[in-house]
Amino acid sequence: MRQTGLVGTVGGRWALRHVSSKTSLWTGRQKCRHAAVPKFRHYCRTRDDFADSDLIHNFGFPYSEGFCRQQFGCNSEKVVQLLEPLIGEDRCKKISNVVSNRIFNIVPAVEGLYDLGNVAAVSRTVEGLGLGSLSVISSADTKFKHSARTSSGSHKWLHTCRWQGTRECLEAAKDDGYNIVVTDLQAAVRLEEVDWTQKTLVLFGNEHAGISSDARELSDQRVMIPMSGFVESFNISVAAAMVLKVACGAVRNGLDAPGDLSEEQQKVLQAVYYAKHIGSNSEAIVRNLLEREKRAEVAIE
């Protein structure tokens, strides 16, 4: 079977690729052989490039209609209208479902990690549970240990903020009205006793050293994860999964809704996720299509 797909612009014109596919007898999966043009994967964002915008918020829902107008030159509804024909129907349904389930008022944060594998594992856990953002606290001179583990692309869909220090991050969260909850082996508060329906930042420390003194000082509540064995701590991704599962469940039960975004915020996030799916040239594609529409309108007149 031979298909033709739109992959981007070359010299101001749309570039097409031809795909021939056949089903493997061994795996049953489709294998594709592409012509000599860049693969779609090359266009995908490996990080949240949108974080450089001055209209992005560090906590809570980060995007706005103002951000869409700045980034793409039009509102979110127009971005969706222009990009939707370039995305498969099943993928559009998946994005719509993910958007409706997103939670942004629970903000996970990690400090003291030096293994990129742990950062990737937490990122995967956070995104998989339906949370939309992650704060990573590490000084500028932190040297991360490389790892073979990956985030499975989850980082692409998260709004990730990097902070130079714990105090900087937690004070900013407090100023924004967030309750600070930290995990601590010496804590007495159970997970179920926390009011997760209010805006909350949850801090996870290094699995060996635990949380920092600044985290203890600035925390509003310290919680412990119940353990019944000989080991004294969980791997950080496991700890994050256990705590955030409880937090997300409480939020969804309290709202009687799958996510905490308003209809307007969902429209904006859908536009952002469409752009992330298309890749790093999504802005150029939207602006190109807008220009085409303007020229067509002038021609009609």
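Quick note: structure is the one above.
Residues numbered from 1 in each chain as written. Predicted model: local features only at pLDDT ≥ 70, side-chain atom pairs only at ≥ 80, totals over all residues. Heavy atoms only, no water.

### Looking at the overall build of the chain
Now for step 1: The helix and strand inventory of the chain stands at 9 helices and 9 strands.
Now for step 2: For the chain, long-range pairs separated by at least 24 residues make up 75% of all intrachain contacts whose partners lie at least 6 apart in sequence. (Helix = DSSP H or I, 4+ residues; strand = E, 2+ residues; numbered from the N terminus. Contact = heavy atoms within 4.5 Å.)

### Examining the pattern of salt bridges
Now for step 1: Tallied over the entire structure, the rule returns 12 salt bridges.
Now for step 2: Across the pair D184 and R222 runs a salt bridge whose closest N-O atoms are separated by 2.8 Å. Within this pair, whereas D184 is found in the loop between β7 (179–183) and β8 (200–204), its partner R222 is found in strand β9 (residues 221–223), the two being separated by 38 residues in sequence.
Now for step 3: Taking relative accessible area as the criterion, D184 reaches 6% and is therefore assigned buried.
Now for step 4: Each of R167, E171, D214 and E217 takes part in one network of salt bridges that share partners. (Salt bridge = Lys/Arg side-chain N within 4 Å of Asp/Glu carboxyl O. Buried < 20%, exposed > 50% of the residue type's maximum accessible area, 1.4 Å probe, protein only.)

### Let's talk about the sheet that holds β8
Now for step 1: Strand order in the open sheet formed by 6 strands is β6-β5-β4-β8-β7-β9, and the pairing between neighbours is parallel. The open sheet terminates on both sides in strands that have one partner only, identified here as β6 (159–163) and β9. Neighbour-to-neighbour, the strand axes of the sheet open up by a mean angle of 25°, direction not taken into account.
Now for step 2: Of the strand pairs in this sheet, β7 and β9 are connected by 3 bridges, and their pairing is parallel. Directly across from T183, in β9, lies its bridge partner V223.
Now for step 3: Contacts between helix α4 (residues 116–128) and the sheet are confined to β4 (106–111) and β5 (133–137), with β5 contributing the most and set at about 155° to the helix.
Now for step 4: The strands that helix α5 (residues 166–175) touches are β4, β5, β6, β7 and β8; relative to β8, the one it contacts most, it runs at about 160°. (Pairing = 2+ DSSP bridges. Axes fitted to C-alpha atoms, helices over the stretch in contact; angles between N-to-C directions.)

### A look at α5
Now for step 1: Every buried residue belonging to α5 is among T166, C169, L170 and A173, and all of these are buried. Angularly, the buried residues of α5 cover 90° about the axis, an arc narrow enough to put them on a single face.
Now for step 2: Positive backbone phi, approximately 85°, marks G177, located one or two places after α5. (Arc of directions from axis to C-beta.)

### Details of the side chain of S135
Now for step 1: Locating S135 in the fold gives a position in strand β5.
Now for step 2: Reaching out from S135, the side chain makes a polar contact with the side chain of W163 at a distance of 3.2 Å.
Now for step 3: The contacts of S135, once residues within four sequence positions are left out, are F59, V107, P108, A109, V110, C161, W163 and C169. (Polar contact = N/O pair within 3.5 Å; in protein donor to acceptor, adjacent residues only side chain to side chain.)

### What about the packing of aromatic side chains?
Now for step 1: Tallying each qualifying case throughout the model produces 6 aromatic pairs.
Now for step 2: Relative to Y273, the ring of W157 lies with its centre 5.2 Å away and its plane at 80°, an arrangement referred to as edge-to-face. With W157 in the loop between β5 and β6 and Y273 in helix α8 (residues 263–278), this pair connects stretches of sequence that are 116 residues apart.
Now for step 3: Residue classification places W157 among the buried positions, given a relative accessible area of 14%.
Now for step 4: Judged by relative accessible area, which is 2%, Y273 ranks as buried.
Now for step 5: Joined through ring pairs, the aromatic side chains of F61, Y63, F67 and F104 make up one cluster. (Phe/Tyr/Trp six-rings, centres within 6.5 Å; stacked < 30°, edge-to-face > 60°.)

### A word on the packing of helix α3 (residues 89–100) against α8
Now for step 1: Look at α3 against α8: their axes get within 10 Å of each other, and the N-to-C directions meet at 135°. Taken together, the axis directions place α3 and α8 in an arrangement best described as oblique. As α3 runs across α8, the sense of the crossing is right-handed. Residue-level inspection shows R91, C92, I95, V98, V99 and S100 of α3 in contact with α8, the latter providing Q266, L269, Q270, Y273, Y274 and H277.
Now for step 2: Looking at the contact of α3 with α8 residue by residue, the classes come out as 7 nonpolar, 4 polar and 1 charged. (Parallel < 35°, antiparallel > 145°, perpendicular 65-115°, else oblique. Left-handed = near helix turned anticlockwise from the far one by under 90°. Nonpolar A, V, L, I, M, F, W, Y, C, P; charged D, E, K, R; others polar.)

### Re the nonpolar core
Now for step 1: Formed by 31 residues in total, the largest nonpolar core has its most connected members in Y63, L83, L269, Y273 and V286.
Now for step 2: Ignoring any residue separated from it by four or fewer positions in sequence, one finds L83 in contact with Y274, A275, I278, I285 and V286.
Now for step 3: Residues I103, V119, V122 and V181 belong to the second largest nonpolar core, which totals 27 residues. (Core = buried A, V, L, I, M, F, W, Y, C linked by side-chain atoms within 4.5 Å.)

### What about the pairing of β5?
Now for step 1: Taking burial as the measure, the 5 residues of β5 include 5 buried ones, the bulk of the element.
Now for step 2: Burial of the side chains of β5 extends over both faces: S133, S135 and I137 are buried on one face and L134 and V136 on the other.
Now for step 3: Relative to β5, β4 is paired through 3 bridges, and the arrangement is parallel. Note on β5: the bridge partner recorded for E111 is I137.
Now for step 4: Handedness of the β4-α4-β5 crossover: right-handed.
Now for step 5: Sheet analysis places β5 next to β6, joined by 5 bridges and oriented parallel. Opposite V136, over in β6, you have R162 as the bridge partner. (Right-handed = clockwise from strand over helix to strand, strands pointing away.)

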